[in-house]
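Architecture and fold: a report
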Amino acid sequence: NSAFRRHTMKHRSMRMPKEAAALAWERKGEFFVRAYQEATEDNAYEDTQAYDTRLRLENKIEFPQQDAVLTMNGEVRYESFAWDKTDDDTDVLLREAFLEIRKEKYSVNIGRQTVTWGKLDQVVVLDRVSPQSYRWFVLNDKEVRKEPTFMFKYDYFNDTVQAEGIYLPFFK
């Protein structure tokens, strides 16, 4: 008998003309609040209230002359349970930070990133590359649960074939 609210705000910047600068910077942000209130108390050991608040900032800087894109995503997160009165409820996290080199038939990524294989229907059969956080069990969407990890990624594509190779030096 829990209830939750989600409020999302997104802001996208306009790209600067190529004549004005050698790079383009795209920024997005999301503010997310989830609050739970137990409607009926089943026992004294149960949490009656829980809060999950996140501010996520996403940045992409494109370097067109080098065919490169730098992606950096960060998150400030506050999680709290009504009975838990600690000062350790706030985390500042670097989610993704990677460089992508794009060419006509391939792209190469290096850095801390999230990879998804297969469909996003919450079923994890082939999608074993990026680990998942079950801190809030399955209440978060699969894309939110995925934890970025350091890897090298190579994508090859042409009109008939697409292939992806990944090397993880530290598999979690």
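Here's what I pulled together on the structure shown here. (Residues numbered from 1 in each chain as written. Predicted model: local features only at pLDDT ≥ 70, side-chain atom pairs only at ≥ 80, totals over all residues. Heavy atoms only, no water.)

What follows is about the overall build of the protein. On a plain count of helices and strands, the protein comes out with one helix and seven strands. Counting across all 172 residues of the protein, residues that qualify as buried make up 28%. Looking at the protein alone, contacts between residues at least 24 apart form 48% of all its contacts between residues at least 6 apart. As presented, the protein carries roughly 11900 Å² of accessible surface, and 57% of it is formed by carbon and sulfur atoms. (Helix = DSSP H or I, 4+ residues; strand = E, 2+ residues; numbered from the N terminus. Buried < 20%, exposed > 50% of the residue type's maximum accessible area, 1.4 Å probe, protein only. Contact = heavy atoms within 4.5 Å. Areas by Shrake-Rupley, 256 points an atom, 1.4 Å probe, with all protein chains shown as cover.)

Moving on to the layout of surface pockets. The calculated volume of the largest pocket comes to roughly 500 Å³. Elements supplying a minimum of two residues to the lining of the largest pocket: β1 (24-37), β2 (49-63), β3 (68-81), β4 (90-102) and α1 (142-145). Split into classes, the residues belonging to the lining of the largest pocket amount to five nonpolar, five polar and 13 charged. Along the walls of the second largest pocket sit 15 residues, with Arg-77, Glu-79, Ser-133, Arg-135 and Glu-147 positioned nearest its centre. Secondary structure elements with two or more residues in the lining of the second largest pocket: β3, β4 and α1. (1 Å grid on protein atoms, 1.4 Å probe; cavity = no way out; pocket = protein on both sides within 12 Å on 5 of 7 lines; lining within 4 Å. Points joined across faces, edges and corners; volume = space filled by probe spheres on them. Nonpolar A, V, L, I, M, F, W, Y, C, P; charged D, E, K, R; others polar.)

What follows concerns the pattern of salt bridges. By the definition in use, this model includes 13 salt bridges. Close ionic contact of Arg-77 with Asp-52 constitutes a salt bridge, the shortest N to O distance being 3.2 Å. Note that Arg-77 is positioned in strand β3 and Asp-52 in strand β2, a separation of 25 residues in sequence. The same class applies to Arg-77 as to Asp-52, namely buried. Close ionic contact of Glu-79 with Arg-77 constitutes a salt bridge, the shortest N to O distance being 3.2 Å. As far as the burial class goes, Glu-79 and Arg-77 line up, both buried. Each of Arg-34, Asp-52, Arg-54, Arg-56, Glu-75, Arg-77 and Glu-79 takes part in a single network of salt bridges with overlapping partners. (Salt bridge = Lys/Arg side-chain N within 4 Å of Asp/Glu carboxyl O.)

Here β1 pairs with β2 via 14 bridges, running antiparallel. Following the sheet pairing, Ala-24 is matched in β2 by Glu-62. Both β2 and β3 contribute to a ladder of 14 bridges, which runs antiparallel. Residue Asn-59 lies in a different strand from β3, and its bridge partner there is Met-72. Once β2 ends, the chain turns through four residues before running back antiparallel as β3, passing Asp-67 with a positive phi of about 55°. (Pairing = 2+ DSSP bridges.)

We now examine the packing of aromatic side chains. This structure, assessed with the given rule, holds three aromatic pairs. Taking 5.8 Å as the distance between ring centres and 25° as the angle between the ring planes, the aromatic pair formed by Tyr-106 and Tyr-154 counts as stacked. Of the two residues, Tyr-106 is situated in strand β5 (residues 106-113) and Tyr-154 in strand β6 (residues 149-157); the sequence distance between them amounts to 48 residues. On the accessibility criterion, Tyr-154 (37% relative accessible area) is partly exposed. Each member of the aromatic cluster is reached from another via a ring pair, and the members are Phe-150, Phe-152 and Tyr-167. Over the ring of Trp-25 we find Arg-27, and its NZ or CZ is 4.3 Å from the ring centre. Positioned above the aromatic ring of Phe-32, the side-chain terminus of Arg-54 is 4.1 Å from the ring centre. (Phe/Tyr/Trp six-rings, centres within 6.5 Å; stacked < 30°, edge-to-face > 60°. Lys NZ or Arg CZ within 6 Å of the ring centre and 35° of its normal.)

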